[in-house]
Amino acid sequence: VWYDSGAMPFAQFGAPLRNSGEFERSYPAQFICEAIDQTRGWFYSLMTIGTLLFQRSAYENVVCLGLIVDDRGRKMSKHLGNVLEPISLMDTYGADALRWFFAASGSPWATRKIDAGVLEEIVRKILLTYWNTVSFLVMYANSDPLFGAGPPAAAVADRPVLDRWLISELHALVRDVTGALEAFDSTQAGRRIAGFIDDLSNWYVRRSRRRFWAGTGSPEGAAAFATLQTVLDVLTRLMAPITPFLPDYVWSVLRPADAPDSVHLARWPDFDPALIDATLAGQMALARRLVELGRSARSAASVKVRQPLSQALVSAPGFASLPAELVTQVADELNVRSLSPMDDAGELVSYAVRPNFRTLGSRLGSGTQPVAAAILAADPAVLAAELRTAGSALVQADGQAVTVGPDDVIVTQTPAAGWTVAADGGETVALQIAITPELRREGLARDVIRLIQEARKSDGLNLTDRIVLRWTTADPDLAAALTEHGALIAAEVLASDLAQLRPDAADAGGIRHSAVDPAVEFWLQRA
């Protein structure tokens, strides 16, 4: 049997007795793929027979798959009765999720255990996120009367920084996925695609919503639509080999009129090295890290993101060179009125340091105490800064310089009164958390905007529907906030008619909604 399998590359053509030309065009195979239990059978027999007869192996590459095991680590087999029925898994999670699991969620040659939680995560984080991004484009395109008929978008070089960054990341993605698949590394290809989908949905689309709402009639809206269309076209092609079904359906929805009927007939995308901007990629990565630090600082102070703050200060290498557009985006994400460089983080934070005896003891043994004493005697701010920026520091213990690392020292930060601070890897964000009455009123208005937006969805209103909005509250501070920021509320919720009612109003027409925090009642209906 194994000789017969090993003879397959030439025997299927009747070679070398006949059809030698057809055989030579197909020999050797670029790759073969089977599980590790085929090593001594098929892999070896192919190599041995091919080499004996034709002086070269029958294949150039082997993709050797690991075994599928059950929750006890046993190989799945009919004999043990521990086989999972694949059709039921596909019925629950879809064939694409199962394919992604085997091809991209781990090394294909490793032993694998199928877990429902992993499949659910693939569906939620990858397939649904991709699907929702496509749905976002389709929804806004359908609501834009000028879509497809407006002026063309500007060249990539003339688009906003967010578009240029995404196009740069797209071409880097094509480069990396192409290289990974050519090296038979489907896992690396999948990781790059998954990371890109997350960046696309949770950063680019979220940061660009207002531009999509502006529509293709505006230069920024036209650039956003053109960028997202290009990205989804290329992304769909890249995903197709791993997940063939969902991208093929998306292709049928998004493809241009002159494109092939199926994504599997479309040309594999090329990348342009000139469009890959490593500097911009680093700047965007810095901006996003600063946003995460700012959110961490807010969380530590229990200040919600919707509450505007007066200012944030930043200390980070490269912050001074950030484009103004990125600085504005960071400030908007942190919901602060101003974002400025921080001259000295020590003015806003006091430090305390103490030795971590667990790590010091395992490394230094009897020499732990002198080093611990040196840590306690050091200037806390200087030691913390050296550990943060250089990754290590020198302390003098019994006349000798000893290197300590971040794991050897426990650093505690105490923000100055009225501030909250977060730092990591030499980067620091400080937020002034003193909330003025003006800021508090704006925060209340933004809370009500959230309530109204949720009500629009629950009432089944369309994206573009204008509404008539009436509101009332017994809270004088909230009433002042809603009156002061009426224009902001109307613009955000598409209210063409907004007015306050008396607190004893019984009915204002439309659907009534009531909230406790903040305490407000409002009625809305389609205008």
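Remember, it's a predicted structure, so these values are computed and weren't measured experimentally.

## Considerations on the overall build of the chain
Then step 1. Along its length, the chain carries 19 helices and 16 strands.
Then step 2. Its C-alpha atoms give the chain a radius of gyration of 30 Å, more than 25% over the compact-globule value 24 Å for 527 residues.
Then step 3. Based on the C-alpha atoms only, the size of the chain along its principal axes is roughly 95 × 80 × 50 Å.
Then step 4. Burial statistics for the chain: of 527 residues in total, 43% are counted as buried.
Then step 5. Look at the contacts in the chain between residues 6 or more apart in sequence, and 71% of them connect residues 24 or more apart.
Then step 6. In the structure as shown, the chain presents an accessible area of about 27,100 Å², 53% of it carried by carbon and sulfur atoms.
Then step 7. If you average the places of the 48 positive and of the 60 negative side-chain charges in the chain, the two averages end up 3 Å apart.

## With respect to the packing of helix α7 (residues 116-143) against helix α11 (residues 245-254)
Then step 1. In contact at an axis separation of 11 Å, α7 and α11 are set at 5 degrees when each is read in the N-to-C sense. Comparing the axis directions of α7 and α11 gives the class roughly parallel. Listed contacts from α11 to Leu 127, Tyr 130, Trp 131, Val 134, Leu 137 and Val 138 of α7 are Leu 246, Pro 247, Tyr 249, Val 250, Val 253 and Leu 254.
Then step 2. Considered class by class, the residues forming the contact of α7 with α11 number 12 nonpolar, no polar and no charged.

## What about the environment of Thr 111?
Then step 1. Inspection of the secondary structure assignment puts Thr 111 in the loop between α6 (95-104) and β4 (112-113).
Then step 2. Residue class for Thr 111 comes out exposed when judged on its relative accessible area of 57%.
Then step 3. Distance in space between the C-alpha atoms of Thr 111 and Gln 30 is 24 Å, their sequence separation being 81 residues.
Then step 4. Not counting residues within four places of it along the chain, the set of residues in contact with Thr 111 comprises Gly 66, Leu 67 and Val 69.

## Some remarks on the pattern of salt bridges
Then step 1. Within this structure, the stated rule accounts for 28 salt bridges.
Then step 2. Among the salt bridges present, the one from Asp 163 reaches Arg 211, with a minimum N-O distance of 2.8 Å. Residue Asp 163 is found in helix α8 (residues 161-182), and its partner Arg 211 is found in helix α9 (residues 186-214); the two are separated by 48 residues along the sequence. A single burial state applies to Asp 163 and to Arg 211, both of which are buried.
Then step 3. Between Arg 446 and Glu 442 there is a salt bridge; the shortest N-O distance is 3.1 Å. Of this pair, Arg 446 and Glu 442 both sit in helix α17 (residues 437-458), 4 residues apart, which is roughly one turn of that helix.
Then step 4. Under the relative-accessibility criterion, Glu 442 is labelled buried at 9%.
Then step 5. A single network of salt bridges, built from pairs that share partners, joins Arg 206, Arg 207, Glu 292, Arg 295, Asp 332 and Glu 333.

## Comments concerning a nonpolar patch on the surface
Then step 1. Taken together, the side chains of Leu 128, Trp 131, Tyr 249 and Val 253 make up a nonpolar region of the molecular surface, amounting to roughly 370 Å² of accessible area.
Then step 2. Within the element layout of this structure, Leu 128 appears in helix α7.
Then step 3. According to the relative accessible area criterion, Leu 128 is partly exposed, its value standing at 39%.

## Some thoughts on the sheet that holds strand β12 (residues 427-432)
Then step 1. Reading across the sheet, the 4 strands line up as β6-β5-β12-β11 and stay open at both edges, with mixed pairing between neighbours. Edge positions in the open sheet fall to β6 (336-341) and β11 (419-424), since each of these has one partner strand only. The average angle at which neighbouring strand axes cross in this sheet is 15 degrees, direction not considered.
Then step 2. Bridge analysis of strand β5 (residues 309-315) against β12 gives 4 bridges, and the strand direction is antiparallel. Counted as the bridge partner of Ala 312 is Leu 431 from β12.
Then step 3. Running over the sheet, helix α13 (residues 324-334) touches β6 and β12 and is turned about 130 degrees from β6.

## Quick notes on helix α15 (residues 368-377)
Structurally, the α-helix is built with 3.6 residues per turn, so residues lying three or four positions apart point the same way.
Then step 1. For α15, the full list of buried residues reads Thr 368, Val 371, Ala 372, Ala 374 and Ile 375. What you see down the axis of α15 is that its buried residues fit within an arc of 160 degrees, all on one side. More than 90 degrees from the buried face of α15, the exposed residues found are Gln 369, Leu 376 and Ala 377.
Then step 2. Buried residues belonging to α15 abut β7 (349-355), α14 (357-364), α16 (380-390), β8 (393-397), β9 (400-404) and β10 (409-415).

## Concerning the packing of aromatic side chains
Then step 1. As enumerated under the stated definition, the model contains 13 aromatic pairs in all.
Then step 2. Ring plane angle 70 degrees and centroid distance 5.0 Å describe the contact between Phe 212 and Phe 225, whose orientation is recorded as edge-to-face. Here the residue Phe 212 occupies a position in helix α9, and Phe 225 occupies one in helix α10 (residues 219-239), the gap between them amounting to 13 residues. As far as burial versus exposure is concerned, Phe 212 and Phe 225 are alike and both buried.
Then step 3. Among the aromatic side chains, those forming a connected cluster through ring pairs are Phe 136, Tyr 140, Phe 147, Phe 212 and Phe 225.
Then step 4. Looking at Arg 112, its charged tip hangs above the ring of Phe 101, at a distance of 4.6 Å from the centre.

## Observations concerning the packing of helix α12 (residues 278-300) against α13
Then step 1. The N-to-C vectors of α12 and α13 enclose an angle of 20 degrees; their axes lie 9 Å apart at closest approach. Between α12 and α13, the angle is such that the two are roughly parallel. The crossing of α12 and α13 is right-handed. Every residue of α13 that contacts α12 at Gln 283, Met 284, Ala 287, Leu 290, Val 291, Gly 294, Arg 295 and Arg 298 is listed here: Leu 326, Val 330, Glu 333 and Leu 334.
Then step 2. For the contact of α12 with α13, a count of residues per class yields 7 nonpolar, 2 polar and 3 charged.

## Some thoughts on the sheet that holds strand β14 (residues 495-500)
Then step 1. Taken in spatial order, the 4 strands of this open sheet run β14-β13-β16-β15, and their pairing is mixed. Strand pairing shows two members of the sheet lacking a second neighbour, β14 and β15 (511-515), which therefore form its edges. Sheet twist, expressed as the average angle between the axes of neighbouring strands with direction ignored, equals 20 degrees.
Then step 2. Bridging between strand β13 (residues 467-472) and strand β16 (residues 520-526) involves 6 bridges; their strand directions are antiparallel.

Calculation criteria
Residues numbered from 1 in each chain as written. Predicted model: local features only at pLDDT ≥ 70, side-chain atom pairs only at ≥ 80, totals over all residues. Heavy atoms only, no water. Helix = DSSP H or I, 4+ residues; strand = E, 2+ residues; numbered from the N terminus. Rg over C-alpha atoms; globule rule 2.2 N^0.38 Å. Buried < 20%, exposed > 50% of the residue type's maximum accessible area, 1.4 Å probe, protein only. Contact = heavy atoms within 4.5 Å. Areas by Shrake-Rupley, 256 points an atom, 1.4 Å probe, with all protein chains shown as cover. Lys, Arg positive; Asp, Glu negative; His and termini not counted. Charge placed at Lys NZ, Arg CZ, Asp CG, Glu CD. Axes fitted to C-alpha atoms, helices over the stretch in contact; angles between N-to-C directions. Parallel < 35°, antiparallel > 145°, perpendicular 65-115°, else oblique. Nonpolar A, V, L, I, M, F, W, Y, C, P; charged D, E, K, R; others polar. Salt bridge = Lys/Arg side-chain N within 4 Å of Asp/Glu carboxyl O. Patch = residues over 30% accessible without salt bridge, like charges linked within 9 Å, V, L, I, M, F, W, Y side chains within 5 Å. Pairing = 2+ DSSP bridges. Arc of directions from axis to C-beta. Phe/Tyr/Trp six-rings, centres within 6.5 Å; stacked < 30°, edge-to-face > 60°. Lys NZ or Arg CZ within 6 Å of the ring centre and 35° of its normal. Left-handed = near helix turned anticlockwise from the far one by under 90°.

Treat this as a map of the structure, not an account of what it does.
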